[in-house]
Amino acid sequence: MPASIVVGTQWGDEGKGKVTDYLADQMRFVVRYQGGNNAGHTVVAEGHLLKLHLVPSGILYSHLTSVIADGVVVDPGVLLEEMDTLSGLGIDVSRLVVSGNAHLIMPYHLELEKVTERHLGKHALGTTKRGIGPAYADKAARIGLRLQDLFDPKIFREKLEVVLKEKNLLLTKVYNRLPLSADTIVEDYRAYGERLRPHVADTSRLLYEGLRAGENVLFEGAQGTLLDLDHGTYPFVTSSNPVAGFALASAGVGPMEVDRVIGVTKAYVTRVGSGPFPTEDPGPDGERLGEAGKEFGTTTGRKRRCGWFDAVLVRYAARLNGLSEIFLTKLDVLSGFPTIKVCTGYVADGETFEDVPPHQSLFHRAQPVYEELEGWDESLSEARSFGDLPPAARKYVERLQDLAGVRIGVVSVGPAREQSLPVG
Ligand code: IMP
């Protein structure tokens, strides 16, 4: 089992960190492959509840090397802050390596995202305002600054001055904001660079050598398939590619290394921010899912929108990512519903769809076709094997598996490792 990819099959927040925790013992590297500090997972470290946004959760395991790959955008201040918090708890962060090719989130990215989201008014995307979109935009426009630029002060200043000239014009003339000072940025970023220097490495080579030595690598995607820039619900997406294929492009690893793609799927669906969500339940049931599942964003604290399991999305994710198996999370949250709705297809403009409609307007108008499955009253959190689950919960899982067309390998019923139950 050389390389495995963990990918979210919905709109993020599926519980991908649980899978990392479940598989950590078998791994040697955990690699974060896209996004930035827009993501977030809550972990328990040395008895403390921690929110990590950028550092892979692999850092909590002393045998693992945690890697931030080339395709991630890095806010160096945030990265150092997380590293300091972890060090303060006695966790060794010397095993964290970051690609020198990773692009930097700069202060003007944050400033510009604030004003452009405001400018969009009711059309705002509801981003996490961490500068992700503007940083990826500059990368594509080839005016981004990379981590490696921090180690050549002349180049760093030169590149910065060219970019900042345009950004300051935008900030002052279009958005009526104050300009940013190149000197301050240079000073702050050079200090970040000095502290990060020991962690910067040729991560593609490191992984290549590890794989050649027969070591296992886990690629960890942030966000989820439906937030993918190319394959998600554009424009209500993030600015990177969470799909499994991008793990390879980002980390500079060839496709033949991967033999397992694990789709993480929540037993219901949530979404943060704007955009279509066919199975959203804005009524009391959705409210109850949100409360029982503690559905608040780790990064922004926003309340997540909640709704029913959508088999159309999971089939789509299975196809796009080439899933070999599904890890189903948060089944315990569904206890107590007399019946549970499952979306099997959509109807839009009188037409039935079993796959994501080919045009976004149809997706926006899609009405879910539901079947109702029998619920269960029992709490599931004490279950320690799939066989411990009540028959209705097992039937629910088996029906989701049929609808998804992919084997469900593990079902989780709570945050602890022993609450991940292998199926069959
Ligand atoms: P951005 O990634 O900050 O540009 O935000 C774009 C969209 O992706 C917004 O709808 C965010 O709420 C959503 N998003 C970004 N990161 C996450 C995440 O980790 N979980 C869930 N939604 C996210």
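Notes on the structure follow.

Rules used in this analysis
Residues numbered from 1 in each chain as written. Predicted model: local features only at pLDDT ≥ 70, side-chain atom pairs only at ≥ 80, totals over all residues. Heavy atoms only, no water. Axes fitted to C-alpha atoms, helices over the stretch in contact; angles between N-to-C directions. Helix = DSSP H or I, 4+ residues; strand = E, 2+ residues; numbered from the N terminus. Parallel < 35°, antiparallel > 145°, perpendicular 65-115°, else oblique. Left-handed = near helix turned anticlockwise from the far one by under 90°. Contact = heavy atoms within 4.5 Å. Nonpolar A, V, L, I, M, F, W, Y, C, P; charged D, E, K, R; others polar. Pairing = 2+ DSSP bridges. Near = heavy atom within 4 Å. Polar contact = N/O pair within 3.5 Å; in protein donor to acceptor, adjacent residues only side chain to side chain. Areas by Shrake-Rupley, 256 points an atom, 1.4 Å probe, with all protein chains shown as cover. Phe/Tyr/Trp six-rings, centres within 6.5 Å; stacked < 30°, edge-to-face > 60°. Buried < 20%, exposed > 50% of the residue type's maximum accessible area, 1.4 Å probe, protein only.

It is the contact of helix α3 (residues 107–120) with helix α4 (residues 132–140), at a shortest axis distance of 7 Å, that shows an interaxial angle of 120°. Considering the angle they form, α3 stands oblique to α4. Handedness of the crossing formed by α3 with α4: right-handed. Contacts between α3 and α4 involve Y108, H109 and E113 on the former and, on the latter, I132, G133, P134, A135 and D138. In terms of residue class, the contact of α3 with α4 is built from 4 nonpolar, 2 polar and 2 charged.

This part is about the sheet that holds strand β15 (residues 325–329). Backbone-to-backbone hydrogen bonds pair the strands of a sheet. The strands run either parallel or antiparallel. Taken together, the 10 strands give an open sheet; going across it, the order is β9-β7-β5-β2-β10-β1-β11-β15-β19-β20, and neighbouring strands pair in mixed fashion. Each of the sheet's edge strands pairs with one partner strand only, and the pair in question is β9 (200–201) and β20 (420–422). Lying over the sheet, helix α12 (residues 391–404) contacts β15 and β19 (408–412), oriented at roughly 140° with respect to β19.

Inspection of the region around the ligand gives 15 residues, with D13, N38, T128, T238 and R302 positioned closest. At 2.9 Å, a side-chain N or O of N38 approaches an oxygen atom of the ligand. Residue T238 places a side-chain N or O atom 2.6 Å away from an oxygen atom belonging to the ligand. Alone, the ligand offers 470 Å² of accessible surface; in the complex the protein occludes 95% of this. Across the shell around the ligand, the residue classes break down as 6 nonpolar, 7 polar and 2 charged.

Take the packing of aromatic side chains next. Summed over the entire model, instances satisfying the criterion amount to 7 aromatic pairs. Relative to F277, the ring of W11 lies with its centre 5.3 Å away and its plane at 55°, an arrangement referred to as tilted. Of this pair, W11 sits in the loop between β1 (3–8) and α1 (16–23) while F277 is found in the loop between β12 (269–271) and α9 (284–292), placing the two residues 266 residues apart along the sequence. Classification of W11 by relative accessible area gives buried; the value is 2%. Considering the side-chain rings of Y22 and F327, the 5.6 Å spacing of their centres and the 75° angle between planes classify their relative orientation as edge-to-face. One end of the pair, Y22, is in helix α1; the other, F327, is in strand β15, and 305 residues separate them in sequence.

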